[in-house]
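Summary of the model geometry
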Amino acid sequence: MTPRLALLALWLAPALPALAEDAPVPAVTTPNLQQPPRIRLFGSNLVNLSLYTAAIGTSDKGELVRVEGKSAHSITPVGALFSMARKNENVAIGMPASFATRTLNENTGFGAKPFYREVALVPGQRISVSANFQGYNRRCVPVAASAGQSRDALRFAPGPSLSFTAEPGTDYEVSFGTDGTGCGITARQLLADGGSTPLRRERQRQRSAQTGKVEGAHLYTFLFRPGSVYYRVTGESANLELQADDDDANADAFETAMREIAARPGTQMCIVAPGFDYKSPLIDRLNRVVDEQAKDFPAIVEPIDSMRTVQQTEDHVPTTFMAAVEYCQVAALVAFLGKAPEAPAGR
């Protein structure tokens, strides 16, 4: 496949004069596809979090983990349930300490008694986390939104939630917060040194109001690193495909899957790799499939170092699939629709 230029990197390059041209590129390590991701959920007497190991909208019911304080209301479990003792006690499985854990008991007030649970996840599985304030069926409702609503309507209003794909060997922290007039739930990627960085954002695809089906092109994001490739359709609640790429054992099956994807109407591909000339058993098969398509088949190759430069990723922060997704959603917009996005604020 003849690679296209890293369009997004070229477009943003003039906006990044402070970045040294000779800055060292972080070493690319081989991920362990079997290493479970881990997540740390913060709760208290006033805040309950629920973790579903399958995102809402998928056919897999998954499993449910609740983090609730002593005052929480009991509920009927949905699907298989990991039972946890309803005590305000921390449950750790070896995740690095963080600023959040070190300051857990500071300025809590109102007898909140915060605590956390650490849970191992399935590599590549889509998860959904929701939060509730003051009991399982209550939530924090902004003052403006509560006007004219009955107590029962507010009591059963859904709380804030988020979903993302848990990547092998990656740690996450999820917490709920309120400023008295609004509330939200946030997730961060926890680093090995105890630092953290916000999760990259993925725009969800639009759905038809009549049919509920997704609309528009099917953008597939690929992240190749020595020994592995991660890929899935972008903007949907789908699990992450994880493939070893250190020999030819999986090459035939991978090529068959790529042919099926390429044949689907509306397919686009954004391939993030160590470089334009990167070679491996699986990327060679993917290149073969793309080369067999029409000349205008929408596929682009983006080097990892270009992506990290554009996103201003610090050297100690690992390259993640979620970073590739965020980058590819913009790069594909530039490459396939010719629409240059607005420059990021403050960059």
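Keep in mind it's a predicted model, so treat the numbers as computed, not measured.

Definitions and cut-offs
- Residues numbered from 1 in each chain as written.
- Predicted model: local features only at pLDDT ≥ 70, side-chain atom pairs only at ≥ 80, totals over all residues.
- Heavy atoms only, no water.
- Buried < 20%, exposed > 50% of the residue type's maximum accessible area, 1.4 Å probe, protein only.
- Helix = DSSP H or I, 4+ residues; strand = E, 2+ residues; numbered from the N terminus.
- Contact = heavy atoms within 4.5 Å.
- Phe/Tyr/Trp six-rings, centres within 6.5 Å; stacked < 30°, edge-to-face > 60°.
- Lys NZ or Arg CZ within 6 Å of the ring centre and 35° of its normal.
- Disulfide = S-S within 2.5 Å.
- Expected span 1.5 Å × (residues − 1).
- Arc of directions from axis to C-beta.
- Pairing = 2+ DSSP bridges.
- Axes fitted to C-alpha atoms, helices over the stretch in contact; angles between N-to-C directions.

**Observations concerning helix 6 (residues 281-291)**
Taken as a whole, helix 6 has its buried residues at Leu282, Ile283, Arg285, Leu286, Asn287, Val289 and Val290. Packing partners of the buried residues in helix 6 comprise strand 11 (218-225), strand 12 (227-233), strand 13 (241-245), helix 5 (251-263), strand 14 (267-273) and strand 15 (299-303).

**Some points on the packing of aromatic side chains**
Taken as a whole and assessed by the stated rule, the structure comprises five aromatic pairs. With centroids separated by 5.2 Å and ring planes inclined at 20 degrees, the aromatic side chains of Phe222 and Tyr231 adopt a geometry described as stacked. The class of Tyr231 is buried, set by a relative accessible area of 7%. Among the aromatic side chains, those forming a connected cluster through ring pairs are Phe222, Phe224, Tyr231 and Phe254. Positioned above the aromatic ring of Tyr116, the side-chain terminus of Arg40 is 5.3 Å from the ring centre. Cation over ring: Arg225 sits above Tyr230, and NZ or CZ is 4.9 Å from the ring centre.

**Here's the deal with unusual backbone geometry**
Of note, Gln312 is a non-glycine position whose phi angle comes to about 55 degrees, a positive value. Residue position: Gln312 is located in the loop between helix 7 (304-310) and helix 8 (321-337).

**Brief notes about the state of the cysteines**
What the rule picks out here adds up to one disulfide. Bridging Cys270 to Cys328, the disulfide has an S-S length of 2.1 Å. Measuring handedness by torsion sign, the sulfur bridge of Cys270 and Cys328 sits at about -70 degrees and is left-handed. Placement of the pair is Cys270 in strand 14 and Cys328 in helix 8, with a sequence separation of 58 residues. A relative accessible area of 0% means that Cys270 is categorised as buried.

**Some thoughts on helix 5**
Here helix 5 contains 13 residues, and its C-alpha end-to-end distance of 18 Å stays within 8% of the 18 Å for a straight helix at 1.5 Å per residue. All buried positions along helix 5 are accounted for by Ala251, Phe254, Glu255, Met258, Ile261 and Ala262. Burial along helix 5 is one-sided: seen end-on, the buried residues are contained in an arc of 120 degrees. In helix 5, the exposed residues that point more than 90 degrees away from the buried face are Asp252, Ala253 and Ala263. The inward-facing, buried residues of helix 5 abut strand 11, strand 12, strand 13, strand 14 and helix 6.

**Structural notes on the sheet that holds strand 11**
In space, the five strands of this open sheet follow the order 13-12-11-14-15, with mixed pairing throughout. Pairing within the sheet leaves two strands with one partner each, and these edge strands are strand 13 and strand 15. Going from strand to strand, the sheet's axes swing by 20 degrees on average, the running direction of each strand aside. Pairing of strand 12 with strand 13 involves five bridges; the strand directions are antiparallel. By the bridge assignment, Ser228 is partnered in strand 13 with Ala244.

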